[in-house]
Every structure is written in structure tokens, then in C-alpha cells.
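Reading the structure
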Amino acid sequence: MTYPDNTPTVDDMLNMPPGDLAQMPVELLAALQAELDHASKQLKAATARFGAALEVRYATRAAEARRACGKDTGTVRLADGDYTVVADLPKRVDWDQEALAQIARNIADSGEDPTDFIDTKLTVSERKYGALPEAWRKGFEPARTVDSGKASFKLEPAKAP
């Protein structure tokens, strides 16, 4: 279906009250949704390409600057003309959970408190919670809080009968 020349663009939508958008025909809303999806994919691809270009341009200099500071990761600042490039290479640390559990037991066995050294977060998956017997679930309820996330809606063409 074609739409009139005054059909709002993505740019127009930024200044429209949500109530005005909500009153548009569903076909127009679906077309705008498709346009937003396309624009989002383009922006994501352009952002990735731009990030890769910055990496090509500055990664070697940033690595050399980190080496000069005696570090493998972290933030360094590079001068490029009238600009300062902030090059960050975050440190990612992963811990072997089984090995940490054994270390915690060893610490406890030696008479020390493992919580002085090791942080733990207890959690119960929803699948396991749902599989518990009713009496057990009631015991867990005081420790469980359920919130909802942000609602989302997507328009899809209806399937022909």
C-alpha cells in the first residue's frame, strides 16, 4: 500500500507525541516499524565499520603506549592533531567456578572465612524454581522478587486464513 506524501519519516517521529503516533493506521505503523528496523540495522553496521576503522588507525599506537606504561590493558590517551584519542582495552577476568569453590573449601578448612576473599551471589533459575515441589517453593518465596521488564510490541502481517 502506498502512503501520502505527508507520511511521517523517522526524523518526524522524534518530535511527534506518542499519542499521535498511536492514532495512525496499523499499516502505516507497520511501515514505520520496518523503516526503523532498517535504519537500526544500518546504524549498527555503520557503527561497527567506524569502530573497525578507528581500531585500524589507532590500535598499534595504543598498544605501544600501553607497553610504554608497562601495562597490557587499560586506557591510554593519544594525540592526533587537535584531538585526543582515548583508547581503552578493558581487562576481562573469568574465574573457574569449580576451582574457586575448592579454594573456598580450603580456606574454610584452614579456619579462615572464605567470604573475606571470595564474593558469592546465590541465585535460583526460574526453571529449577518451577520444578520444586509446592512446599519447597513456598519456602523460597520470601527470598524471591519478581519484576517485569519493558514491554515491547512488534507488528507482523497476519497470516492468510
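See the structure shown above.
Below you will find a few notes about this structure. (Residues numbered from 1 in each chain as written. Predicted model: local features only at pLDDT ≥ 70, side-chain atom pairs only at ≥ 80, totals over all residues. Heavy atoms only, no water.)

With that settled, the discussion passes to the overall build of the protein chain. Along its length, the protein chain carries six helices and two strands. The C-alpha radius of gyration of the protein chain comes to 27 Å, more than 25% above the 15 Å expected for a compact globule of 161 residues. Projecting the C-alpha coordinates of the protein chain onto the three principal axes gives extents of approximately 80 × 65 × 30 Å. Each of the 161 residues in the protein chain was classed as buried or not, and the buried ones make up 14%. In the protein chain, 20% of the contacts between residues at least 6 apart in sequence involve partners at least 24 apart. With an accessible surface of roughly 14200 Å², the protein chain has 55% of that area assigned to carbon and sulfur atoms. For the protein chain, the centre of its 21 positive side-chain charges and the centre of its 26 negative side-chain charges are spaced 4 Å apart. (Helix = DSSP H or I, 4+ residues; strand = E, 2+ residues; numbered from the N terminus. Rg over C-alpha atoms; globule rule 2.2 N^0.38 Å. Buried < 20%, exposed > 50% of the residue type's maximum accessible area, 1.4 Å probe, protein only. Contact = heavy atoms within 4.5 Å. Areas by Shrake-Rupley, 256 points an atom, 1.4 Å probe, with all protein chains shown as cover. Lys, Arg positive; Asp, Glu negative; His and termini not counted. Charge placed at Lys NZ, Arg CZ, Asp CG, Glu CD.)

Moving on, we get to the pairing of strand 1 (residues 74–80). Alignment of strand 1 against strand 2 (residues 83–89), held across seven bridges, turns out to be antiparallel. Considered in strand 2, the bridge of V76 is made with A87. Connecting the antiparallel pair strand 1 and strand 2 is a turn made up of two residues, with G81 showing a positive phi of about 65°. (Pairing = 2+ DSSP bridges.)

A separate point is the environment of K150. Secondary-structure assignment places K150 in the segment after helix 6 (134–140). Here K150 falls in the exposed class, since its relative accessible area comes to 80%. Along the sequence, K150 and E64 sit 86 residues apart, while their C-alpha atoms lie 44 Å from each other.

Attention now goes to the side chain of Q33. Topologically, Q33 is positioned in helix 3 (residues 26–68). Excluding its chain neighbours within four sequence positions, the residues that come into contact with Q33 are F153, K154 and L155.

With that settled, the discussion passes to the side chain of R66. Mapping R66 onto the fold places it in helix 3. An unpaired buried charge is present at R66: no salt bridge exists, and D88, the closest side chain of opposite charge, is 5.9 Å distant. When sequence neighbours within four positions are dropped, the list of residues in contact with R66 reads K71, D72, T73, G74, V76, A87, D88 and L89. (Salt bridge = Lys/Arg side-chain N within 4 Å of Asp/Glu carboxyl O.)

Considering all chains together, one arrives at four salt bridges under this definition. Salt-bridge contacts for R144 lead to E126; the nearest nitrogen and oxygen are separated by 2.6 Å. Of the two residues, R144 sits in the segment after helix 6 while E126 sits in helix 5 (residues 126–131), which places them 18 residues apart along the sequence. The class for R144 is partly exposed, based on a relative accessible area of 32%. Through salt bridges with shared partners, one network takes in E134, R137 and K138.

Take a nonpolar patch on the surface next. On the surface, a cluster of nonpolar side chains totalling about 300 Å² of accessible area is made up of V124, W136 and F140. Position of V124 among the secondary structure elements: in the loop between helix 4 (97–109) and helix 5. (Patch = residues over 30% accessible without salt bridge, like charges linked within 9 Å, V, L, I, M, F, W, Y side chains within 5 Å.)

Take the nonpolar core next. If you look at the biggest cluster of nonpolar residues, it comprises six residues: Y58, A62, V76, L78, V85 and A87. Secondary structure elements with two or more residues in this core: helix 3, strand 1 and strand 2. Residue contacts for A87: discarding those within four places in its chain leaves A62, R66, G74, T75 and V76. In terms of nonpolar packing, the next biggest core, distinct from the first, is built from five residues, M13, L21, M24 and L28 among them. (Core = buried A, V, L, I, M, F, W, Y, C linked by side-chain atoms within 4.5 Å.)

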